[in-house]
Amino acid sequence: MTSEVESAPRTVVVRTVAPDRPWAWLTAGWRDLMANPQIGFFYGAALTVAGWLLALLLLWARSAWAILPASAGFFIVAPLLAAGLYEASRLREQGKPVSFAACMKGFTRNGGQLAFMGVVLLILHLFWVRVAALIFMLMFGINFAPALEDIPLAMLRSPMLLPFLIVGTGAGAILAATAFAISAVSIPMLVDRDVSAIEAVIVSLRAVIANPGAMVFWAGLIVVFTAMAMVPFFLGLALVIPLVGHATWHAYRDLVD
């Protein structure tokens, strides 16, 4: 009888929180980061280097215009890459020692379902890059190919710059909102519980719908912090990525019981 009770799935309850609750998540995330800075800053530095490599690759391919949409799309898959940070916060919450080896278990405990989510987010990322390329060609023409150093000035002189920014920002916002809604709490949940990716996505959507004020505010904070971090050639990501990663764990724990 006891084993049957223990093996029975626990009903997932989605809580409603105050609209300003993201500040509490960030505060708790900062404590986690300071408790194990070597792990958080390692993740941040690794993804910063990945940003540099992405930018250099696009420069080499003479596609400098794609750096911004590709970098923005990169953060569609960032919640999956932060699985080790969620595990660090989970271990600290349970009073267990936190190490690099222990954090790697965040990627393997529910590996198949995490891989499925990774494929979904990667498809969204690649779709966004293709959409951005299509919008660019439609607005500026297929023959728009100034020298690398002349691209910013050429775009500023073009009458299509404002429509490009409006359409591109709108399309990016729709895809980003979709990615955020399905991954806001689903990936931390997959790290924490033995559930399927579909179940986790449904819970994530429920959490977003039940807390529109808090989740819009949280998404806005992530966008602002990330944009500020990218200004000094991605250097700020070394701090922002681990902070947001740890805070995301606390958002999940606050929203889902």
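Residues numbered from 1 in each chain as written. Predicted model: local features only at pLDDT ≥ 70, side-chain atom pairs only at ≥ 80, totals over all residues. Heavy atoms only, no water.

Participant: How should the packing of helix α6 (residues 83-93) against helix α14 (residues 237-255) be read in this particular structure?
Facilitator: To characterise two packed helices, one gives the angle between the axes of the helices and the distance between these axes. Across the interface, α6 lies against α14 with an axial gap of 8 Å and an inter-helix angle of 55°. Relative to α14, the element α6 lies oblique. Seen from above, α6 lies across α14 with right-handed handedness. Facing L85, Y86, A88, S89, R90 and E93 of α6, the residues of α14 in contact are I241, P242, G245, H246, T248, W249, H250 and R253. Of the residues assigned to the contact of α6 with α14, the class counts are six nonpolar, five polar and three charged. (Axes fitted to C-alpha atoms, helices over the stretch in contact; angles between N-to-C directions. Helix = DSSP H or I, 4+ residues; strand = E, 2+ residues; numbered from the N terminus. Parallel < 35°, antiparallel > 145°, perpendicular 65-115°, else oblique. Left-handed = near helix turned anticlockwise from the far one by under 90°. Contact = heavy atoms within 4.5 Å. Nonpolar A, V, L, I, M, F, W, Y, C, P; charged D, E, K, R; others polar.)

Participant: I tried to follow the nonpolar core on my own but got confused; where do I start?
Facilitator: Soluble globular proteins tend to bury their nonpolar side chains together. Counting residues in each nonpolar core, the largest one holds 70 residues, and the members touching the most others are W25, L121, M215, W218 and L255. Among the elements that line this core, the one with the most residues is helix α8 (residues 111-140), at 11 residues. Those residues within four positions of W25 in sequence are excluded, and the remaining contacts are V17, M215, W218, A247, H250, A251, D254 and L255. (Core = buried A, V, L, I, M, F, W, Y, C linked by side-chain atoms within 4.5 Å. Buried < 20%, exposed > 50% of the residue type's maximum accessible area, 1.4 Å probe, protein only.)

Participant: Can you walk me through α6 in this structure?
Facilitator: Given 3.6 residues per turn, any residue in an α-helix points the same way as the ones three and four places further on. Extensive coverage of α6 is indicated by the burial of nine of its 11 residues. Buried within α6 are the following residues: A83, G84, L85, Y86, E87, A88, S89, R90 and L91. Buried residues in α6 make contact with α2 (22-35), α3 (37-60), α5 (78-81), α7 (100-108), α11 (186-192) and α14. Just downstream of α6 lies G95, where phi reads positive at about 75°.

Participant: Before we go on, may I ask you to explain the packing of aromatic side chains in this structure?
Facilitator: The description of an aromatic ring pair uses the distance of the two centres, along with the angle that the planes make with each other. Counted under the stated rule, the structure contains five aromatic pairs. For the pair F42 and Y43, a centre-to-centre distance of 6.2 Å together with 85° between the ring planes defines the contact as edge-to-face. Among the residues examined, Y43 registers a relative accessible area of 8% and is labelled buried. Clustering of aromatic rings is evident, with ring pairs tying together F42, Y43 and F100. (Phe/Tyr/Trp six-rings, centres within 6.5 Å; stacked < 30°, edge-to-face > 60°.)

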